[in-house]
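# Results of the structural survey
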Amino acid sequence: MVVNSVTKRRLSDCKILIVDDQSSSRLVLSTLLEDIVACDAVKSGQEAIDYCANYRPDLILMDVVMPEMDGHETTKILASNPDTATIPFMFVTSSNADDEQAKCWASGCVDFIEKPINACTVRNRVKSYLQHKLKSDFLERLIYIDRLTCVYNRHYLEDHLPNIIKDGTRNNTATSLILFDVDYFKKYNDHYGHLEGDNCLFKICQNVSKYLLRPMDCIVRVGGEEFLVILPNTDESGARQVANRLLGCVNELHINHSDSEFKHVTISAGVSTKLGNENKSIDYLMLEADRNLYVAKNAGRNRVVCRDGKISSASAEISFA
């Protein structure tokens, strides 16, 4: 994924998800908050889980008592998924008993609101939390964003990749890395100038991000014209398909490069994969991806090489579905 611009988001840019089985409650909360933030509403815990699989609200207002799946069960499922575990939520509860409040805090909520709701309290608690979140998000983007390409930087890689690998080991799922760089990029800079070189890298990152189809997938600028794509829960076959898709999406940009044999900008990629039960360190995975990238370069560039030694050209195995 491409990180949002470092420009500060405003409160009106935020979105909250209201989860309540009562249509009247959903309407009341939406009406109270819609002039502050964008609101979406669903009527069940399962609908909330399905929604968060595709979208990332800045805050969830979660009713506790719902049929089939209550608020506690819903938040437990969201917390168990690395893709949704960081979405903050407030409980909306009609109980003020100590044990219920303790259960809400133990579930990891950032706050809770008692029913019957007080309009002023709801508005100010939501507003206060989101303002704090916006400041935190802005600082995080300053730390983790590469200012030239607007993708993640090495700080993000060092802080987050170990946790991604640990999640894969704990869940016994594969994690794959795609290391790619721009072919003949020094020649591109020498011929077109460094400003055009910077613009070329930005265009590539923006287009690559469009072909990373899952929210969990991300792109990191390792340095210069070298980038790393992190693919949690992805085996080697899936990573090869993604890598070939990325080669294709860069080719389709048709960025002129007169000093390349292809006459337009291309990339080469090396893939490495750690199965859930494999004892591979991050350093080993990075080295394996780097070795495969080197093989791709020597094989003629505009290629993908995986750990099985299979070489794919940009014209093969590309799917834009």
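Residues numbered from 1 in each chain as written. Predicted model: local features only at pLDDT ≥ 70, side-chain atom pairs only at ≥ 80, totals over all residues. Heavy atoms only, no water.

In terms of helices and strands, the protein carries ten helices and eleven strands. Taken along the three principal axes of its C-alpha coordinates, the protein extends 70 × 45 × 30 Å. Every one of the 321 residues in the protein was classed for burial, and the buried ones make up 48%. Contacts in the protein between residues at least 24 apart in sequence constitute 67% of all its contacts with a sequence separation of at least 6. For the protein, the exposed surface amounts to about 15,500 Å²; the carbon and sulfur share of it is 50%. Across the protein, 37 positive and 44 negative side-chain charges occur, with their mean positions spaced 4 Å apart. (Helix = DSSP H or I, 4+ residues; strand = E, 2+ residues; numbered from the N terminus. Buried < 20%, exposed > 50% of the residue type's maximum accessible area, 1.4 Å probe, protein only. Contact = heavy atoms within 4.5 Å. Areas by Shrake-Rupley, 256 points an atom, 1.4 Å probe, with all protein chains shown as cover. Lys, Arg positive; Asp, Glu negative; His and termini not counted. Charge placed at Lys NZ, Arg CZ, Asp CG, Glu CD.)

Our focus in this paragraph is the domain arrangement of the protein. According to the domain assignment, the protein consists of domain 1 (11-144) and domain 2 (154-313). Residue-level contacts link six residues of domain 1 with seven residues of domain 2. When the two sides are added together, the surface that domain 1 and domain 2 hide from each other amounts to roughly 540 Å², 59% of it contributed by carbon and sulfur. Per-residue buried area on domain 1 facing domain 2 is highest for Pro-82, Asp-83 and Tyr-144; these three make up 72% of the total on that side. (Domains from an automatic or database assignment. Buried area = accessible area lost by both parts, 1.4 Å probe.)

This brings us to the environment of Gly-276. Within the element layout of this structure, Gly-276 appears in the loop between strand S9 (267-274) and helix H10 (282-298). Its relative accessible area of 9% is what places Gly-276 among the buried residues. Residues Gly-276 and Thr-173, 103 residues apart in the sequence, show an inter-C-alpha distance of 4.5 Å. Every residue in contact with Gly-276, bar those within four places of it in the chain, is listed here: Gly-168, Thr-169, Asn-172, Thr-173 and Ala-174.

Per the UniProt record, the feature "domain: Response regulatory" (unreviewed entry) sits at residues 15-130. Here residues 15-130 runs as 45% helix and 21% strand, with 10 Å between its end C-alpha atoms. (UniProt positions renumbered as here; feature names shortened; annotations may be inferred.)

Grouped together as the largest cluster of nonpolar side chains are 31 residues, with contacts concentrated most on Phe-180, Ile-219 and Leu-246. Of all the secondary-structure elements, those providing two or more residues to this core are strand S6 (175-182), helix H7 (185-192), helix H8 (194-210), strand S8 (226-232), helix H9 (236-251) and S9. It is H9 that contributes the most residues to this core, seven residues altogether. (Core = buried A, V, L, I, M, F, W, Y, C linked by side-chain atoms within 4.5 Å.)

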